[in-house]
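What follows is each chain in one-letter form.
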Amino acid sequence: MQQEIRFATFNVCNLAPPGARLYENLEPSTPEEYEAKIAWTAHQIDMLGADVIGFQEVFSQASLAEALSRTRRYREAIHVGFDPDPGAEKLTPSVALVSRLPLADAPESFPYFPPGIAMPPGNRDPERFTRAPLHAAIELRPGLVADVVVVHLKSRRPDYRASDTGDDPQLFALASLRSLIRRGTEAAALRVLLSKLGRERHRPRVVLGDFNDVADAVTTGIVLGIGAPSGDRLYDACQLQRRQDRLRHVGFSNLHEGQYTTIDHILVSGEFNGELAGALGEIVDVVYLNDHLDLGLPEASDHGQVLARLRLFETGQPGDA
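Just so it is clear, the model here is predicted, and its values are computed rather than measured.

Calculation rules
- Residues numbered from 1 in each chain as written.
- Predicted model: local features only at pLDDT ≥ 70, side-chain atom pairs only at ≥ 80, totals over all residues.
- Heavy atoms only, no water.
- Helix = DSSP H or I, 4+ residues; strand = E, 2+ residues; numbered from the N terminus.
- Rg over C-alpha atoms; globule rule 2.2 N^0.38 Å.
- Buried < 20%, exposed > 50% of the residue type's maximum accessible area, 1.4 Å probe, protein only.
- Salt bridge = Lys/Arg side-chain N within 4 Å of Asp/Glu carboxyl O.
- Contact = heavy atoms within 4.5 Å.
- Core = buried A, V, L, I, M, F, W, Y, C linked by side-chain atoms within 4.5 Å.
- Pairing = 2+ DSSP bridges.
- Axes fitted to C-alpha atoms, helices over the stretch in contact; angles between N-to-C directions.

**Student:** Go over the overall build of the protein chain, please, and point to the residues and values.
**Tutor:** If you tally the helices and strands in the protein chain, you get 6 helices and 14 strands. Relative to its length of 321 residues, the protein chain is compact, with a C-alpha radius of gyration of 19 Å against a globular reference of 20 Å. The principal-axis extents of the C-alpha atoms in the protein chain amount to approximately 65 × 45 × 45 Å. Counting across all 321 residues of the protein chain, residues that qualify as buried make up 51%.

Encoded structure:
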């Protein structure tokens, strides 16, 4: 019997304790609003039924742990995450990973860019990711370990300076450019980290995250390694899936100002591209849980969740080396 592994990515949208101040233009949640969000998040996690889930916009790892405790399927799952500023008056978002499969090694975060990557002079935090990527080695089956990385690249929100506002089109354009430069720099830094993982560990790699850009954007292409040697590049799971039914394909993960886009992606290395010689598995299907975006539920995330079903080949099948 062939083994199926399910990977998912889930931007939970401002998951934080009630009363916590996150942004100047966002009122803290009430206890009632928090309770509704925890209940919805737990239900959605159970709906995914994934073996490994990457989370973004976690302002409190304790809040995510609370949601997991309300699930039916993940109460005993491994929860990996690091609050970047515990005890601070203003919380900072981070990523997390939850796995029902065992970890093969201690997880780690990467708050700093690798050597040779930095923002241009004059930018804030020139050597740091906005949200530190998280890496965990997951044992998919005995003898097969995958390096899973959870990411959340810089948003498109304009990066204003001092008293700048969006009322001035030029200031808006420059602030948007700063965000793009940071997202591009983070993409380049992530590409270096992923290449390093591949060279040093020689294991399959899976990236789960909110890229804040579509699959064919330049920034996403940098992470994919477009133009890199075939053994180093990654592939968009949505493009690899075998079930390419265009009539049912409603793959979007974000609804903003009436525009449907997909900015949450699952990327895999060549070991899970069934078209390549020596592949260890293939992407069967990619599913988007996004009905809540049209329903406008106040407790729901403003992102859809992405779920990729990976079928591992049995030893001795044509895909095996």
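Structure's up, so let's keep going.
**Student:** Give a description of the pattern of salt bridges that names residues and reports values.
**Tutor:** Under the counting rule described, the total for this entry stands at 15 salt bridges. For the salt bridge of R70 with E66, the shortest nitrogen-to-oxygen distance reads 2.9 Å. The class for R70 is partly exposed, based on a relative accessible area of 34%. For E66, a relative accessible area of 29% corresponds to the partly exposed category. A salt bridge links R183 to D213; its shortest N-O distance comes to 3.1 Å. On the criterion of sequence distance, the pair formed by R183 in helix α3 (residues 169–201) and D213 in the loop between β8 (205–210) and α4 (218–224) is long-range, its members being 30 residues apart. Accessibility assignment for this pair places R183 and D213 in one class, buried. Look at the salt bridges and you will find they share partners, linking E4, R6, D285 and R309 into a network.

**Student:** Lay out the environment of V206 with the relevant residues and their values.
**Tutor:** By the element assignment, V206 lies in strand β8. For V206, a relative accessible area of 0% translates into the label buried. Spatially, the C-alpha atoms of V206 and R182 are 23 Å apart, while their sequence positions differ by 24 residues. Filtering out sequence-adjacent residues up to four positions away, V206 remains in contact with F7, D147, V148, V149, I266, L267, V268 and F272.

**Student:** Give me the nonpolar core: which residues, what numbers.
**Tutor:** If you look at the biggest cluster of nonpolar residues, it comprises 29 residues, and the most contacted ones within it are F7, V52, L97, I138, L140, V148 and V206. Residues W40, A77, A96 and V98 belong to the second largest nonpolar core, which totals 23 residues.

**Student:** Could you give me a rundown of unusual backbone geometry, with the residues and numbers involved?
**Tutor:** The phi dihedral of N14 falls on the positive side, at around 55°, and the residue is not glycine. With respect to the helices and strands, the residue N14 is situated in strand β1 (residues 3–15). Positive phi outside glycine occurs at N212, with the angle close to 55°. Locating N212 in the fold gives a position in the loop between β8 and α4.

**Student:** Before we move on, could you go through the environment of V214 and cite the residues and values that matter?
**Tutor:** Here V214 lies in the loop between β8 and α4. Classification of V214 as partly exposed rests on a relative accessible area of 26%. Residue contacts for V214: discarding those within four places in its chain leaves R156, T220, T261, T262, I263 and H265.

**Student:** Lay out the sheet that holds strand β3 (residues 78–81) with the relevant residues and their values.
**Tutor:** With mixed pairing, 6 strands are arranged side by side in an open sheet as β3-β4-β2-β1-β14-β13. In the strand order of this sheet, the two ends are held by β3 and β13 (281–289), each with one partner. The sheet shows a mean angle of 15° between the axes of neighbouring strands, taken without regard to direction. Relative to strand β2 (residues 52–58), β1 is paired through 6 bridges, and the arrangement is parallel.

**Student:** Account for the sheet that holds strand β9 (residues 234–236), with residues named and values stated.
**Tutor:** Pairing is mixed in the open sheet, where 6 strands are placed in the order β5-β6-β7-β8-β12-β9. The open sheet is flanked by β5 (108–109) and β9, the only strands paired with a single partner. Sheet analysis places β9 next to strand β12 (residues 264–269), joined by 3 bridges and oriented antiparallel. Among the inter-strand pairings, L234 is bridged to a residue of β12, identified as S269. The strands that α3 touches are β5, β6 (134–141), β7 (144–152), β8 and β9; relative to β7, the one it contacts most, it runs at about 170°.

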